[in-house]
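Remarks on the overall topology
Next come the chains, spelled out residue by residue.
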Amino acid sequence: MILDYGPGPTADTEQAKIDLRKFGFCLIKDAITGEFFTESKARLLEQATAEEEMGLSFRDGGPDQEIKMKDDRIDQSSFSKGNGGVNQRLWMLANKGKCFRDMIVHPLVDELVGHILGQEFILSTHSANIAKPGGVRMGLHTDQWWMPQPIKPQEDYLRPSEIKRSAASSFVEPDKTLGISPPVVANCMWMLSDFSKSNGATELVAGSHLSGAHPNQQDQTIYPILNAEAKAGTLMVFDGRLWHGTGANTGNSDRLGVLTTFCSPQFRQQENQTLGLDRDLWESCSEKLKSRLGFKVWNAYGRIESSMDHIIDIEPNRIKELKPNKK
Ligand SMILES: O=C(O)CCC(=O)C(=O)O
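Right, let's walk through the structure included here.

1. A short note on the overall build of the protein chain
Check the secondary structure of the protein chain and you find seven helices and twelve strands. At 21 Å, the protein chain has a C-alpha radius of gyration in line with the 20 Å of a compact globule built from 327 residues. For the C-alpha atoms alone, the extent of the protein chain along its principal axes is close to 75 × 55 × 50 Å. Within the span of the protein chain, comprising 327 residues, buried residues form 38% of the whole. Counting only contacts in the protein chain whose residues sit at least 6 apart along the sequence, the fraction spanning at least 24 positions is 78%.

2. Notes on the sheet that holds strand β1 (residues 25–28)
A sheet is described by the order of its strands in space; here seven strands give the open sequence β1-β10-β7-β12-β6-β5-β2, paired in antiparallel fashion. Of all strands in the sheet, those with a lone pairing partner are β1 and β2 (58–60), marking the two edges. For this sheet, the mean angle separating the axes of adjacent strands, direction not counted, is 25°. Along the sheet, helix α1 (residues 13–23) contacts β1 and β10 (235–239); its crossing angle with β1, the most-contacted strand, is approximately 150°.

3. Here we look at unusual backbone geometry
The phi angle at Asp 72 is positive, at roughly 70°, despite the residue not being glycine. Looking at the element boundaries, Asp 72 is found in the loop between β3 (69–70) and β4 (73–74). A count of 5 C-beta atoms within 10 Å places Asp 72 in the exposed class.

4. With respect to the environment of Ser 57
Residue position: Ser 57 is located in the loop between α2 (34–53) and β2. Counting along the chain gives 24 residues from Ser 57 to Lys 81, while the straight-line C-alpha distance between them is 8.1 Å.

5. Digging into the sheet that holds strand β9 (residues 226–227)
Backbone-to-backbone hydrogen bonds pair the strands of a sheet. The strands run either parallel or antiparallel. Taken in spatial order, the three strands of this open sheet run β9-β8-β11, and their pairing is antiparallel. Of all strands in the sheet, those bounded by a partner on one side alone are β9 and β11 (243–245). For strand β8 (residues 203–205) and β11, the ladder comprises three bridges, and the chain directions are antiparallel. Counterpart to Val 205 in the pairing with β11 is Trp 243.

6. Things to note about the site of the ligand
All residues adjacent to the ligand are Asn 129, Met 138, Thr 202, His 244, Gly 245, Thr 246, Gly 257 and Leu 259. When residues of the shell around the ligand are traced back to their parent elements, those giving at least two are β11 and β12 (255–263). Split by residue class, the shell around the ligand holds two nonpolar, six polar and no charged.

7. Observations regarding the pairing of β10
The side chains of a regular strand alternate, first on one face of the sheet and then on the other. For β10, a buried count of five out of five residues is recorded, marking the element as mostly surrounded by other parts of the structure. Along β10, one buried face is formed by Leu 235, Val 237 and Asp 239 and the opposite face, lined by Met 236 and Phe 238, is buried too. As paired strands, β1 and β10 are joined by four bridges and run antiparallel to one another. Directly across from Cys 26, in β10, lies its bridge partner Val 237. As paired elements, strand β7 (residues 185–191) and β10 share five bridges and run antiparallel to each other. Bridging from a neighbouring strand, Ala 186 pairs with Asp 239 of β10.

8. A few points about helix α7 (residues 287–295)
Residues of α7 that are buried: Ser 291, Arg 292, Leu 293, Gly 294 and Phe 295. Turning to α7, the residues buried within the fold contact α3 (98–104), β6 (122–131) and α6 (273–276).

9. Considering the environment of Pro 160
Following the sequence through the fold, Pro 160 ends up in the loop between β6 and α5 (169–172). We classify Pro 160 as exposed; it has 9 C-beta atoms within 10 Å. Note: C-alpha distance between Pro 160 and Trp 146 (14 residues apart in sequence) is 7.6 Å.

10. Quick word on the nonpolar core
With 59 residues, the main nonpolar core has Phe 25, Val 113, Trp 190, Val 237 and Phe 262 as its most contacted residues. With six residues, β7 is the largest single contributor of residues to this core. When residues no more than four places from it in sequence are discounted, the contact partners of Phe 262 are Val 113, Leu 117, Phe 121, Ile 122, Leu 123, Ser 124, Val 185 and Ala 186.

11. Concerning α1
Residues of α1 that are buried include every one of Ala 16, Asp 19, Leu 20 and Phe 23, and no others. End-on view of α1: buried residues confined to an arc of 105°, all on one side of the axis. Of the surrounding elements, those touching the buried residues of α1 are β1, α4 (107–117) and β10. Residue Gly 24 follows α1 closely and has a positive phi angle near 90°.

Cut-offs and rules
Residues numbered from 1 in each chain as written. Predicted model: local features only at pLDDT ≥ 70, side-chain atom pairs only at ≥ 80, totals over all residues. Helix = DSSP H or I, 4+ residues; strand = E, 2+ residues; numbered from the N terminus. Rg over C-alpha atoms; globule rule 2.2 N^0.38 Å. Buried ≥ 20, exposed ≤ 12 C-beta atoms within 10 Å, placed from the backbone. Contact = placed C-beta atoms within 7 Å. Pairing = 2+ DSSP bridges. Axes fitted to C-alpha atoms, helices over the stretch in contact; angles between N-to-C directions. Near = placed C-beta within 6 Å. Nonpolar A, V, L, I, M, F, W, Y, C, P; charged D, E, K, R; others polar. Core = buried A, V, L, I, M, F, W, Y, C linked by C-beta atoms within 7 Å. Arc of directions from axis to C-beta.

Read these as spatial facts, not as claims about activity.
Below is the structure:
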């Protein structure tokens, strides 16, 4: 099931669907070109510089970066340049440029993410990862690490809220006779620079999406890791179960990637898109964009009052504590 080779880039979306099923990822060549490409790259670089200048820059992937704890929680200062962080992450891209909002509703997303998740899906995270020289491997993981594993009837199970990113042994070595979970997440990597092994192209293990297992977090040298090497303008779509992670940047140029991550509508979004959306953008958002951001009610979930709600308003009418009229 695990393969030591992957698919080549294609412009044929039917081939891409075959690649998704077999390898867990596909590469669409020239998915983002012309003005869309130029604007996206320029906007990303401009935003990254401004966030850095304003002390907002989030940095990870440093070789000596130490994770600091405060009150039993990871302290935000861990993810700074001063603390040894290298790769720059930008979050909540829905607020940071029309080009990024266009990625959320792109026809290739409709077709390929729709192929994995069905017609309805919502934005989980919209982020960029600028992998910079000196950045180390992120380590293989899946984007649905929180998904409960199949179990035997009557068998005790890991309580869902106790599932951890570090992957319990029952996740690393599951009982495969019980079957596997379906994908409930799909991810899109928009390559805004060439991706090469030396500049930190995404690492992945082809076919791992069908293994039912999660990668061991301690020793990953045993896996046949490939790098998603492709030209700028390529879109990589991948299954939420695929083992992947940022590669080490051993070169001297930045690797520019935008990650648009979707989940099916019954799961929780990683970024709180509905609360986080810049209120000034609401009027310009299409119904499709509002739906993808999570404003659309799905089978009565996500509603505020009536289960008949379709798209909830950004400033909903809240029925508060009421008292009947005195007779
Ligand atoms: O930057 C990449 O290549 C992948 C990033 C990733 O896997 C993640 O942020 O979870």
